[in-house]
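Take a look at the letters that make up each chain.
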Amino acid sequence: MNRSLDHTTSLRIAIQKSGRLTDKTIDLLHGIGIEFDNYKRNLMVKTRNFDVELLLLRDDDIPEYVQDGICDLGFVGANEVFEKNTRVNVLRGLNYGNCRLAVASPKDSALVNPSDFEGKKIATSYPFLTKRFFEDQGISIEMVEISGAVEITPQLHVADAISDLVSTGGTLKANGLVERFTILESETKLIQTQQALSEGKQQLIQKFLQRIDGYQTAKKSRYILMNAPLSSVETIKALLPSMKSPTIMPLAETEMVAIHSVIPYDQFWDVMEQLQDAGASDIVMLPIESMIA
Ligand code: PRP
Ligand code: ZN
């Protein structure tokens, strides 16, 4: 069988060249075992061990590249997917690169609620989502379409308010603007083209998804180890929020055991105190690199 790189099976994946999503997307790809380098210098990068090539693009262009089938998959913010109103399949929400498209006005402004914006000028790089938001509420606004530095427009009297991405809120604050309401909550999405794909590509995508799911589950989980008296085992088992039964191992010291389990990270601190109360000691928590069920 010919297993050489061939364009009917090689997957092409679009990622953001530099910006909010880049580092975490690169970490995720490395985390699922895809090896490559020189992504900072090249626009197209071949991976060494997976039938995948990466295309490094401006995030704004990614939805269309995927829609048109130039790339099979793409990692891009929901903000771009929905602003471009593209026909793509959203395979996964990845819970990083979180931000929101929000409306902000100067801090002393009377523009606070959506209805205050009737007839006002709003500057944005997200005209589609912004227009639709106000239209849905029967409010007509004047759109000022701008591709960058939107936050400066109220000071220049180019607009009364803005609709822009907010993450930490630092940019708004630095420009004397106050966030008023949210139009769209955004996170990184993994999207797939709706163009027909070869059997080989479909299989690769399944494999890719399985690895991403394993990576994501691992990120949210921790491996926990502790020692406990044999008499506490039942209480401890009941406290552990793990899906599966924990591993219990005898220790050299009689009447003591080691208990190992995997638990959701967000429950670790709550559970840890209860475990101590139940008699557990030497509690250790470790990160997990990947998990395949
Ligand atoms: C957005 C937005 C602001 C900044 C807000 O730009 O236009 O400039 O992020 O972030 P903050 O609330 O943490 O200050 P982004 O970096 O996404 O660039 P892009 O829209 O040009 O891709
Ligand atoms: Zn952008």
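For the structure itself, look to the data block above.
Summarised in this report is the structure supplied together with it. Quantities reported herein were computed from a predicted structural model and do not represent experimental measurements.

Rules of the game
- Residues numbered from 1 in each chain as written.
- Chains lettered and ligands numbered in written order.
- Predicted model: local features only at pLDDT ≥ 70, side-chain atom pairs only at ≥ 80, totals over all residues.
- Heavy atoms only, no water.
- Near = heavy atom within 4 Å.
- Polar contact = N/O pair within 3.5 Å; in protein donor to acceptor, adjacent residues only side chain to side chain.
- Areas by Shrake-Rupley, 256 points an atom, 1.4 Å probe, with all protein chains shown as cover.
- 1 Å grid on protein atoms, 1.4 Å probe; cavity = no way out; pocket = protein on both sides within 12 Å on 5 of 7 lines; lining within 4 Å.
- Sits in = over half its atoms within 2 Å of the grid points.
- Helix = DSSP H or I, 4+ residues; strand = E, 2+ residues; numbered from the N terminus.
- Nonpolar A, V, L, I, M, F, W, Y, C, P; charged D, E, K, R; others polar.
- Buried < 20%, exposed > 50% of the residue type's maximum accessible area, 1.4 Å probe, protein only.
- Contact = heavy atoms within 4.5 Å.
- Pairing = 2+ DSSP bridges.
- Axes fitted to C-alpha atoms, helices over the stretch in contact; angles between N-to-C directions.
- Salt bridge = Lys/Arg side-chain N within 4 Å of Asp/Glu carboxyl O.

## A closer look at the site of ligand 1
Neighbouring ligand 1 are Arg20, Asp59, Asp164, Leu165, Val166, Ser167, Thr168, Gly169, Gly170 and Thr171. With respect to ligand 1, the side chain of Asp164 contributes an N or O atom lying 2.9 Å from an oxygen atom. One of the backbone nitrogen or oxygen atoms of Gly169 is found 2.7 Å away from an oxygen atom of ligand 1. About the coverage of ligand 1: the protein hides 65% of its 510 Å² of free accessible area. Under a 2 Å grid-point criterion requiring more than half of the atoms, the pocket assigned to ligand 1 is the largest pocket. Of all elements in the fold, only β9 (161-166) and α5 (170-174) reach the threshold of two or more residues within the shell around ligand 1. Per-class residue counts for the shell around ligand 1 are two nonpolar, five polar and three charged.

## Digging into helix α4 (residues 127-136)
For α4, the complete set of buried residues consists of Pro127, Leu129, Thr130, Phe133 and Phe134. Against α3 (78-83), β6 (99-106), β7 (121-124), β8 (142-145), β9 and β10 (177-186) lie the buried residues of α4.

## Some words on the sheet that holds strand β4 (residues 73-77)
The strand order β2-β3-β1-β4-β11-β5 describes an open sheet built from six strands, whose pairing is mixed. The sheet is open, and its two borders are formed by β2 (44-46) and β5 (89-93), each paired with just one other strand. For this sheet the average axis-to-axis angle between neighbouring strands, irrespective of direction, equals 25 degrees. Sheet topology note: the β5/strand β11 (residues 188-192) ladder contains four bridges and is antiparallel. Considered in β11, the bridge of Val90 is made with Ile191. Lying on the sheet, helix α1 (residues 22-31) is in contact with β1 (11-16), β3 (52-57) and β4; it crosses β1 at an angle near 145 degrees. Here helix α6 (residues 199-220) sits on the sheet and contacts β1, β4, β5 and β11; the angle it forms with β5, its principal contact strand, is near 25 degrees.

## Quick notes on the pattern of salt bridges
Note on pairing: side chains with opposite charge can pair once their charged atoms come close. Using the criterion set out here, one finds twelve salt bridges in the structure. The salt bridge involving Glu53 is made with Arg12; its shortest N-O contact spans 2.7 Å. With Glu53 in strand β3 and Arg12 in strand β1, the pair connects residues that are 41 residues apart, well separated along the chain. For Glu53, a relative accessible area of 3% translates into the label buried. Classification of Arg12 as partly exposed rests on a relative accessible area of 21%. For Arg58, the salt bridge goes to Asp60, with nearest N and O atoms at 2.9 Å. By sharing partners, the salt bridges in this structure join Arg12, Lys46 and Glu53 into a single network.

Note that all results are geometric; they support no functional claim without further evidence.
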